[in-house]
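# A look at the structure
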Amino acid sequence: GGSVVFAAVCAIDPAATGTLVNTATVAPGAGVTDPTPGNNSATDTDTLTPRADVSVTKTVDPAAANNGDTATFTIVVANAGPSTVIGVAVEDNFPPALQADLAWICVAQGGATCTAAGTGDIVDTVDLPPGSSVTYTATCTVYSATDHDVTNTATATLPAGVTDPDPGDQTDSVTISIRQASPCIAFWKRPSNRWRLKEWIDRPRSRSNVRDQANTP
């Protein structure tokens, strides 16, 4: 009627998928006959469900800009674990006011992988081991026909079969206020004793829009 209990503790590979199968076996000593040898082994099978706390953090600099200014967006996608995630879809679709000269780079840390650089919207697939991250830096020239605020959102989507214990932080948004540039006006006097006025108004990609008129003294 005696028994012994073995307790084994191990860490599962963060990249493991599928099922975990483990078998324990016992054999009687020399000269001992077991009347029921069919129960001398037992197998445990567990389905592995990858879990990864993937988050997105986004910032913009500056938070307010004039037409023609350059804006820089930083998007960080991180995995707090415990599992490795292969094939996280990262997407950031920039609105029309932020499409001019739009280009980005990506830097991976902690064993993560991402596309090194691109132009236009960010549509990428990344691999994230536990504790790793990828950082996208996107720049553009802002332009809007009217003064208004523009919101931009970045999202990370996990592949099928991966559970996020905190799915609410897989997306993040920022808002940039775009304003029309204030004109710069200058007066000077010509030898003809008439005053001249010039007004410069900022426009994207060009700052040569000049209005010039003569006024009497």
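Residues numbered from 1 in each chain as written. Predicted model: local features only at pLDDT ≥ 70, side-chain atom pairs only at ≥ 80, totals over all residues. Heavy atoms only, no water.

### Brief notes about the overall build of the protein chain
- Across its full length, the protein chain carries 0 helices and 15 strands.
- Looking at the protein chain as a whole, 30% of its 217 residues are labelled buried.
- Pairs at least 24 residues apart make up 63% of the contacts formed inside the protein chain by residues separated by at least 6 positions.
- Here the protein chain has roughly 12800 Å² of accessible surface; of this, 54% comes from carbon and sulfur atoms. (Helix = DSSP H or I, 4+ residues; strand = E, 2+ residues; numbered from the N terminus. Buried < 20%, exposed > 50% of the residue type's maximum accessible area, 1.4 Å probe, protein only. Contact = heavy atoms within 4.5 Å. Areas by Shrake-Rupley, 256 points an atom, 1.4 Å probe, with all protein chains shown as cover.)

### Looking at the pairing of strand β5 (residues 70–82)
- Looking at chain direction, strand β3 (residues 52–61) and β5 are connected through 9 bridges and run antiparallel. Paired with T59 across the bridge in β5 is T74.
- As defined by bridge partners, β5 adjoins strand β10 (residues 133–141) across 9 bridges and the pair is classed as antiparallel. Opposite T70, over in β10, you have T141 as the bridge partner. (Pairing = 2+ DSSP bridges.)

### Topic: the confidence of the model for the protein chain
- Of all residues in the protein chain, 83% attain a pLDDT of 70 or more, and the chain-wide mean is 85.
- Within the model, the stretch residues 201–217 combines pLDDT values under 50 with 41 contacts to residues more than four positions away or in other chains. (pLDDT = per-residue confidence, 0-100.)

### Some points on the sheet that holds β10
- Reading across the sheet, the 5 strands line up as β3-β5-β10-β7-β8 and stay open at both edges, with antiparallel pairing between neighbours. Because the sheet does not close on itself, it has two edges, and the strands there are β3 and β8 (117–119). The average angle at which neighbouring strand axes cross in this sheet is 15°, direction not considered. (Axes fitted to C-alpha atoms, helices over the stretch in contact; angles between N-to-C directions.)

### Observations regarding the environment of V123
- With respect to the helices and strands, V123 occurs in strand β9 (residues 122–128).
- Considering only alpha carbons, one finds V123 and D92, 31 residues apart in sequence, at a separation of 6.6 Å.
- Among all residues touching V123, those that are not within four sequence positions of it are V90 and E91.

### Points about the nonpolar core
- In this structure, F73, V77, L98 and Y136 are the most contacted members of the largest nonpolar core, which totals 35 residues.
- Residue assignment for this core shows that the elements contributing at least two residues are β3, β5, β6 (85–92), β7 (100–109), β9, β10, β11 (148–157) and β12 (171–179). (Core = buried A, V, L, I, M, F, W, Y, C linked by side-chain atoms within 4.5 Å.)

### So, the pattern of salt bridges
- If you walk through the whole model with that rule in mind, you get 2 salt bridges.
- Ionic pairing is found between K58 and D92, a salt bridge with its closest N-O pair at 2.4 Å. Taken as a pair, K58 in strand β3 and D92 in strand β6 lie far apart in primary sequence, 34 residues in all. Of the two residues, K58 and D92, neither departs from the other in class, the shared state being buried.
- Here D149 makes a salt bridge to R179, at a shortest N to O gap of 3.4 Å. Taken together, the residues D149 in strand β11 and R179 in strand β12 connect sequence positions 30 residues apart. (Salt bridge = Lys/Arg side-chain N within 4 Å of Asp/Glu carboxyl O.)

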